[in-house]
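# Summary of structural features
Each chain, written out:
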Amino acid sequence: MLTSTLNNNTVKNITLVCIADLIVGISYGALAHSQGFDLWVPLTLSILVLAGASEFLFIGVIFTGGSPISAALAGLLVNSRHIPFSFAVSELAGKGPKALLGYHIMNDESVVFGLAQDNKTEKRAAFWLCGIGILICWPAGVLIGEALGSFINDTHVLGMDAMFPAIILALSLPALKDKRLRITAIIGAVIAVAVTPVLPAGIPVLLALLSLVIYIRK
């Protein structure tokens with residue numbers, strides 16, 4: 001089993017992230033319901049796209065009057081960060097038919113956990129455990145959110161949208177002990193915050209990746 005390969009702290013952290021995804025999925029499902037989307041829309045996106053930021057962006061663009069095509073293009077742009085991810089986890093995702101599922105469950109969380117482990121066996125186990133966990137928890141959250149949507153008028157009031165970023169930040173803090181990485185992260189954060197008021201959702205995060213050039217060149 002995947003859990004037997006990993007230490008208890010790693011399994012616990014992956015579990016917490018999956019629970020956080022479940023809660024954010026509830027927020028997403030409730031939001032989609034409140035904006036008038038039928039259940040099949042967010043549920044299909046949660047299974048086939050499996051990328052929260054682009055899914056929130058997709059329903060947001062359509063809700064504000066945008067076309068499905070423009071919403072899909074915006075989602076693809078946000079998900080373009082998965083291109084470098086795919087190179088980073090090419091040895092973890094598997095080969096042949098297995099790779100189809102491996103790359104499908106590739107997301108920010110599974111990549112972070114996969115690359116953070118000490119050896120290839122643990123990297124692969126963490127990547128798959130986190131990816132499969134989110135593949136289960138994210139659609140499940142959407143179903144719960146849709147069911148609760150009639151009772152939750154504003155998901156932001158409950159702070160559900162802030163829980164997932166807070167957990168990811170907590171998991172990232174140990175890596176910031178590296179001075180170069182810390183400087184890179186700070187520069188990326190400054191870029192993202194500076195352009196957030198003038199650019200559409202998702203684009204500031206992509207621009208923040210420019211700070212990686214500094215990290216690579218040093």
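Throughout what follows, the structure given in this document is the object of discussion. For clarity, every value in this text was computed on a predicted model and none was experimentally measured. (Residues numbered from 1 in each chain as written. Predicted model: local features only at pLDDT ≥ 70, side-chain atom pairs only at ≥ 80, totals over all residues. Heavy atoms only, no water.)

Our focus in this paragraph is the overall build of the protein chain. Of regular secondary structure, the protein chain possesses 13 helices and zero strands. Counted from the first residue to the last, the protein chain has its helices and strands arranged as α-α-α-α-α-α-α-α-α-α-α-α-α. Per-residue burial over the protein chain gives 37% buried out of 218 residues. A sequence separation of at least 24 residues applies to 71% of the contacts in the protein chain between residues at least 6 apart. Taken as a whole, the protein chain presents about 12,000 Å² of accessible surface, with 72% of it coming from carbon and sulfur. (Helix = DSSP H or I, 4+ residues; strand = E, 2+ residues; numbered from the N terminus. Buried < 20%, exposed > 50% of the residue type's maximum accessible area, 1.4 Å probe, protein only. Contact = heavy atoms within 4.5 Å. Areas by Shrake-Rupley, 256 points an atom, 1.4 Å probe, with all protein chains shown as cover.)

Looking now at the packing of helix H4 (residues 52-63) against helix H5 (residues 68-78). Close contact between H4 and H5 brings their axes to 8 Å; oriented N to C, the two are set at 155°. When the interaxial angle is binned, H4 and H5 end up roughly antiparallel. Taken as a pair, H4 and H5 cross one another with a handedness that is right-handed. The segment H4 lies against H5, with Ala53, Ser54, Leu57, Phe58, Val61 and Ile62 engaging Pro68, Ser70, Ala71, Ala72, Ala74, Gly75 and Val78. (Axes fitted to C-alpha atoms, helices over the stretch in contact; angles between N-to-C directions. Parallel < 35°, antiparallel > 145°, perpendicular 65-115°, else oblique. Left-handed = near helix turned anticlockwise from the far one by under 90°.)

What follows deals with the environment of alanine 93. Residue placement: alanine 93 occurs in the loop between helix H6 (82-88) and helix H7 (97-104). Residues alanine 93 and histidine 104 lie 11 residues apart in sequence; the distance between their C-alpha atoms is 9.0 Å. Setting aside anything within four residues of it in sequence, one finds alanine 93 in contact with Lys98, Ala99, Gly102, Tyr103, Phe127 and Trp128.

Our next topic: the side chain of serine 110. Within the secondary structure layout, serine 110 lies in helix H8 (residues 108-116). When residues no more than four places from it in sequence are discounted, the contact partners of serine 110 are Ile105, Phe127, Cys130 and Gly131.

Moving on to the pattern of salt bridges. Two side chains carrying opposite charge are able to pair once their charged atoms lie near each other. Counting across every chain of the model gives one salt bridge. A salt bridge links glutamate 91 to lysine 120, with the nearest nitrogen and oxygen atoms 3.4 Å apart. Here glutamate 91, found in the loop between H6 and H7, pairs with lysine 120, found in helix H9 (residues 120-148); they are 29 residues apart in sequence, far enough to count as distant. Glutamate 91 sits in the exposed class, given a relative accessible area of 52%. (Salt bridge = Lys/Arg side-chain N within 4 Å of Asp/Glu carboxyl O.)

Once that is clear, we can look at the layout of surface pockets. Size it by volume and the second largest pocket reaches roughly 150 Å³. Forming the walls of the second largest pocket are Leu45, Val49, Ser54, Glu55, Phe58, Ala71, Ala72, Gly75, Leu76 and Asn79. Those elements that provide at least two residues to the lining of the second largest pocket are H4 and H5. For the lining of the second largest pocket, the element with the most residues is H5, which contributes four residues. (1 Å grid on protein atoms, 1.4 Å probe; cavity = no way out; pocket = protein on both sides within 12 Å on 5 of 7 lines; lining within 4 Å. Points joined across faces, edges and corners; volume = space filled by probe spheres on them.)

A separate point is unusual backbone geometry. Its identity is not glycine, yet leucine 50 carries a phi of approximately 55°, on the positive side. On the secondary structure map, leucine 50 appears in the loop between helix H3 (40-48) and H4. For leucine 50, a relative accessible area of 4% translates into the label buried.

Read these as geometric descriptors, not functional statements.
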